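Architecture at a glance
Here's the letter readout for the chains.
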Amino acid sequence: MRDAQTTPCAPQTDLQAVLDRIAQEVPEAYGQGHVADYIPELKRVSPQQFGMAVRTVTGEEFVVGAADHQFSIQSISKLFTLILALEINGEELWTRINREPSGMRFNSLLLLESENGIPRNPFINAGAIVVTDTITEHSSGPAKRIEQFIANLSGNPLNRIDERVTASEKKTGYLNAAIANLLKAMGNLRCEPEDVLNCYFKHCAMTMSCRDLVRATQCLANREDAWFQRKPYPHQTARRINALLLTCGLYDAVGNFAFNVGLPAKSGVGGGIVAVAPNQYTVAVWSPELDDYGNSVLGQLALEKFVTYTASAVL
Ligand code: GLN
């Protein structure tokens, strides 16, 4: 049995005090990373910023710093497109994407050719592009559909695709174009690579805040959440997505992240990370400086401190 003293949802744990303490402590790590620069528009973001939000399964929210700042969610969008693609395709999706960590950079092409065009998991770019293909195939306006889906989950109609970020990545997204073309050549893309990439760049360019992220992912923490209750197997769906987040959500840094934090999570090169503690809470952090793996430096540090101060890791 979990000790009530250490359960973040329990009144004894002052989550606001925990967040305030973290916000005071993490700035010492400023300057240890770099803002993503391979998408030119992201380079314009001021690096030394920090925000964090927590939402308990009982619906209480706590925030600190720039928790309401809208930032580019980038790869965090892959979590939402996976949920939508599973809704559209069901089990068939797993005939086209595996469920193993890749041990490679998120935009690596290496494994794709030797593994017959079947991406290792839905969160590396190759897997996410297949996910986007399935949504594109079954939608008249796929990017709009994803935008609305995310805004519905977060409850914030202001969550939108940033067209400047989209255009910026489209101009320089040669690796993603190579991945999409290889997938097409190997028979694992049904739509035209250009159409799939257009949609992919758009959903990566969605903007959300930490507060939006903890709301949009509550269905993964709270199995009684109305959205998941409408699904035929809500527990299984949430369990599976959390398992993929734990094993593949931070790419080739996922082992260290599980070691230090121990929560299912998804990161993006915009500097955001969202994490899920099933039956307890969701937590999101944003800070734009990234380490060599493309994960937020302060974000990882803040999450490690959070699970430590609340003794709430799930592993
Ligand atoms: N849009 C980015 C890309 O495809 C997303 C990468 C990320 O956030 N890790 O490169």
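Scroll up for the structure.
Residues numbered from 1 in each chain as written. Predicted model: local features only at pLDDT ≥ 70, side-chain atom pairs only at ≥ 80, totals over all residues. Heavy atoms only, no water.

1. Some remarks on the nonpolar core
Threshold: What we call a nonpolar core is a set of buried Ala, Val, Leu, Ile, Met, Phe, Trp, Tyr and Cys residues that are connected through their side-chain atoms within 4.5 Å. Note on exposure labels: buried denotes an accessible area under 20% of the residue type's maximum, exposed denotes more than 50%, and partly exposed covers the range between, all computed with a 1.4 Å probe on protein chains only. Numbering of helices and strands runs from the N terminus, with a helix taken as a DSSP run of H or I at least four residues long and a strand as a DSSP run of E at least two residues long. Note on contacts: a residue pair is in contact if any heavy atoms of the two residues lie within 4.5 Å.
Formed by 70 residues in total, the largest nonpolar core has its most connected members in Ile-73, Phe-80, Leu-82, Ile-129, Leu-213, Leu-220 and Ile-241. Ranked by the residues each element gives to this core, the list is headed by helix H2 (residues 77-89), at seven residues. Here Ile-129 is in contact with Asn-176, Ile-179, Ala-180, Leu-183, Leu-189, Val-196, Leu-197 and Tyr-200, once residues within four sequence places are set aside. Counting 29 residues, the second largest nonpolar core, distinct from the first, contains Leu-15, Val-26, Leu-263 and Val-285.

2. What about the packing of helix H6 (residues 163-172) against helix H8 (residues 193-204)?
Definition in use: Every axis in this analysis is a line fitted to C-alpha atoms, fitted for helices over the stretch in contact. Angles between the N-to-C directions lie between 0 and 180 degrees. What sets the label is the angle itself: under 35 degrees gives roughly parallel, over 145 gives roughly antiparallel, 65 to 115 gives roughly perpendicular, and the rest give oblique. Handedness of a crossing is defined here by the sense of rotation of the near helix relative to the far one, left-handed for an anticlockwise turn of less than a right angle and right-handed for a clockwise turn. Asp, Glu, Lys and Arg are counted as charged, while Ala, Val, Leu, Ile, Met, Phe, Trp, Tyr, Cys and Pro are counted as nonpolar; the rest, among them Gly, fall into the polar class.
Relative orientation of the contacting elements H6 and H8 amounts to 130 degrees, with a least axis distance of 8 Å. Taken as axis vectors, H6 and H8 run oblique relative to one another. Along this stretch, H6 crosses H8, giving a crossing that reads as right-handed. Residues Glu-163, Thr-166, Glu-169 and Lys-170 of H6 lie in contact with H8, whose contacting residues are Asn-198, Phe-201, Lys-202 and Cys-204. Residues that form the contact of H6 with H8 fall into these classes: two nonpolar, two polar and four charged.

3. Topic: the state of the cysteines
Definition in use: Here, a disulfide means two cysteine sulfur atoms that sit within 2.5 Å of each other.
For the coordinates displayed, the defined rule picks out zero disulfides. The thiol of Cys-191 is not disulfide-bonded; the next cysteine sulfur, from Cys-199, is found 9.3 Å away. Accessibility expressed as a relative area gives 4% for Cys-199, which makes it buried.

4. Examining helix H12 (residues 234-248)
Formally: Expected span of a helix: the number of residues minus one, times 1.5 Å. To obtain the arc, one takes the directions from the helix axis to the C-beta atoms.
Compared with the 21 Å implied by 1.5 Å per residue over 15 residues, the 21 Å span of H12 between its first and last C-alpha is a close match. For H12, every residue scored as buried is listed here: Pro-234, Ala-238, Ile-241, Asn-242, Leu-244, Leu-245 and Cys-248. Seen along its axis, H12 keeps its buried residues to an arc of 160 degrees; they face one direction. Elements that come into contact with the buried residues of H12 comprise H2, helix H10 (218-221), helix H11 (226-229), helix H13 (254-260), strand S5 (265-267) and strand S6 (272-277).

5. Notes on empty space enclosed by the protein
Under the convention used in this document: Buriedness for pockets is judged along seven lines, at least five of which must meet protein on both sides within 12 Å for an open set on the 1 Å grid over protein atoms alone, while cavities are sets there where a 1.4 Å probe fits but cannot get out, and lining residues have an atom within 4 Å of a point. Grid points are joined across faces, edges and corners, and a volume is the space filled by probe spheres set on the points.
Summed over all chains, the structure comprises two cavities of 30 Å³ or more. The space that makes up the largest cavity amounts to roughly 90 Å³. If you trace the largest cavity, you find 14 residues lining it, with Ser-102, Ser-108, Leu-111, Leu-112 and Ile-124 closest to the centre. A per-element tally of the lining of the largest cavity places helix H3 (residues 110-114) first, with three residues. Split into classes, the residues belonging to the lining of the largest cavity amount to nine nonpolar, two polar and three charged. Approximately 60 Å³ is the volume attributed to the second largest cavity. When grouped by side-chain class, the residues that make up the lining of the second largest cavity number six nonpolar, four polar and one charged.

6. Details of the pattern of salt bridges
To be explicit about the condition: Any Lys or Arg side-chain nitrogen found within 4 Å of a carboxyl oxygen on Asp or Glu counts as a salt bridge.
Inspection of the entire model under this criterion finds 15 salt bridges. Here Asp-68 ties to Arg-211 by a salt bridge, and the two come within 2.7 Å at their closest N and O atoms. With Asp-68 in the loop between strand S2 (61-65) and strand S3 (71-72) and Arg-211 in helix H9 (residues 210-216), this pair connects stretches of sequence that are 143 residues apart. The exposure class assigned to Asp-68 is partly exposed, which follows from its relative accessible area of 45%.

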